[in-house]
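A closer look at the structure
Residue strings, one per chain:
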Amino acid sequence: GEYTKKWCPELSKLPKAVLHKPWEAPTQVLQAAGVVLGETYPTRIISDLKAERSKSVEAVLKMRRANQESNSDRGYDMITLPDGKRTVVFTKKEFRIDPQGNVIKDATQSKKSTSGISKVKVGNGRG
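Keep in mind that this is a model prediction, so the values were computed, not measured. (Residues numbered from 1 in each chain as written. Predicted model: local features only at pLDDT ≥ 70, side-chain atom pairs only at ≥ 80, totals over all residues. Heavy atoms only, no water.)

1. Focus on the nonpolar core
Residues L11, L14, V18, L19, A25, L30, A33 and V35 constitute the largest nonpolar core, which totals eight residues. Among the elements of the structure, α2 (16-19) and α3 (27-33) are those that each provide at least two residues to this core. The residues touching L11, leaving out its near neighbours within four places in the chain, are T4, L19, P22, V35 and Y41. (Core = buried A, V, L, I, M, F, W, Y, C linked by side-chain atoms within 4.5 Å. Buried < 20%, exposed > 50% of the residue type's maximum accessible area, 1.4 Å probe, protein only. Helix = DSSP H or I, 4+ residues; strand = E, 2+ residues; numbered from the N terminus. Contact = heavy atoms within 4.5 Å.)

2. Describing the packing of aromatic side chains
A full pass over the atoms with the stated rule returns one aromatic pair. Each ring, one from Y3 and one from W7, has its centre 6.4 Å from the other, and the planes form 50 degrees; the classification is tilted. Of this pair, Y3 and W7 both sit in helix α1 (residues 2-7), separated by four residues, roughly a single helical turn. When its relative accessible area of 54% is taken as the criterion, W7 is described as exposed. (Phe/Tyr/Trp six-rings, centres within 6.5 Å; stacked < 30°, edge-to-face > 60°.)

3. Structural notes on helix α4 (residues 49-66)
Along its 18 residues, α4 runs 26 Å from first to last C-alpha, staying within 8% of the 26 Å computed at 1.5 Å per residue. Those residues of α4 that fall on the buried side of the exposure criterion are V57, L61 and R64. Taken down its axis, α4 places every buried residue within 60 degrees of arc, on the same side. Residues of α4 that are exposed and angled more than 90 degrees away from the buried face: K55, K62 and A66. Against β1 (77-80) lie the buried residues of α4. (Expected span 1.5 Å × (residues − 1). Arc of directions from axis to C-beta.)

4. Overview of the pairing of β1
Pairing between β1 and strand β2 (residues 86-89): four bridges, direction antiparallel. Note that in β2 the partner of T80 across the bridge is R86. The turn joining β1 and β2, which pair antiparallel and follow one another in sequence, is formed by five residues; a positive phi near 95 degrees is taken by G84. (Pairing = 2+ DSSP bridges.)

And the structure:
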């Protein structure tokens, strides 16, 4: 809360419970702190975070489907290194798609080490 109070002094008088979400504060708490949403502090930009996140995920999947040459056969991002070699980089599971553009649901796609950490071989261009 100290960081927010320092860099957003207009919220500094709000209780800690609503300091990071002033739109949830009761009117009397906002008034006591001198906060007027839309005037002394902006109104909330996103009201339905779940819906907006869903739109974002769909936009990323649409982009990945339109650029299949940048996906490995296991759904990882492919990049070209400065020396011209192609390699895979980590890609969040929710964004991994197969060559047909379907989200890969099978968790057995990655190799598991004995410590339970997923391993991805980098450098062979296969992913």
